[in-house]
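Tertiary structure, described
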Amino acid sequence: MATVATAATASTAATAATHSYERARPSRERKPITGDAVELHQLMACASPEAIEHLSSNALGVNAVDGRAPRTHECEVCGLAKMKQQISRRSTHEHPATQLFERVCFDLIELY
Ligand SMILES: [Zn+2]
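Quick summary incoming for the structure in this document. (Residues numbered from 1 in each chain as written. Predicted model: local features only at pLDDT ≥ 70, side-chain atom pairs only at ≥ 80, totals over all residues. Heavy atoms only, no water.)

**Quick word on unusual backbone geometry**
With a phi angle near 55°, A45 is a residue other than glycine that sits in the positive phi range. Note on placement: A45 falls in the loop between α2 (37-43) and α3 (49-58). A45 sits in the exposed class, given a relative accessible area of 66%. Located in the positive-phi region is C46, a residue other than glycine, with phi close to 60°. Structurally, C46 is set in the loop between α2 and α3. (Helix = DSSP H or I, 4+ residues; strand = E, 2+ residues; numbered from the N terminus. Buried < 20%, exposed > 50% of the residue type's maximum accessible area, 1.4 Å probe, protein only.)

**Considerations on the coordination of the zinc ion**
The coordination sphere of the zinc ion, as far as protein atoms go, consists of H41 (NE2), C46 (SG), C75 (SG) and C78 (SG), spread over 2.1 to 2.3 Å. Here the donor residues of the zinc ion share one chain and are spaced in sequence as H-x4-C-x28-C-x2-C. On the criterion of sequence distance, the pair formed by H41 in helix α2 and C75 in the loop between α3 and α4 (76-81) is long-range, its members being 34 residues apart. With a relative accessible area of 14%, C75 lands in the buried category. (Donors = N, O, S within 2.8 Å, 3.2 Å for Na, K, Ca; no water.)

**Describing the nonpolar core**
Counting seven residues, the largest nonpolar core consists of A37, L40, A47, I52, L55, V62 and A69. Going through the elements one at a time, α2 and α3 are the ones with two or more residues in this core. Aside from chain neighbours lying at most four places away, what touches A69 is A37, H41, P49, I52 and E74. (Core = buried A, V, L, I, M, F, W, Y, C linked by side-chain atoms within 4.5 Å. Contact = heavy atoms within 4.5 Å.)

**Things to note about the pattern of salt bridges**
Taken as a whole and judged by the stated rule, the model has two salt bridges. For R71, the salt bridge goes to E50, with nearest N and O atoms at 3.7 Å. Of the two residues, R71 sits in the loop between α3 and α4 while E50 sits in helix α3, which places them 21 residues apart along the sequence. The class of R71 is partly exposed, set by a relative accessible area of 38%. (Salt bridge = Lys/Arg side-chain N within 4 Å of Asp/Glu carboxyl O.)

**Quick look at the environment of R30**
By secondary structure assignment, the location of R30 is in the loop between α1 (2-18) and α2. Judged by its relative accessible area of 58%, R30 is exposed. Sequence separation between R30 and G61 is 31 residues, and the spatial gap between their C-alpha atoms is 7.3 Å.

Purely geometric numbers; function is a separate question.
Here you go:
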């Protein structure tokens, strides 16, 4: 019987060590988010300028936004993410093949 109680105590101690019993801090006590429109655009994963304008009035904890967020063509990340086609500017291969199977490409994958 004593071994069962010892095993239960050890299990409880292990559980207490893995879980934190501190009270979660409510989100309304957070420090408000401040910054200009460019910083908020990057923070909000490239949100549109219209969304950044409405952020302070429609989201809790965001102060008034200064400036204007960049449009798609003004932000490099937005431009690359919304690109539908990437046109290669290379004219030819570096070492073009002159006959069939002269040039073969394959991926090397190490298997365990
Ligand atoms: Zn962007």
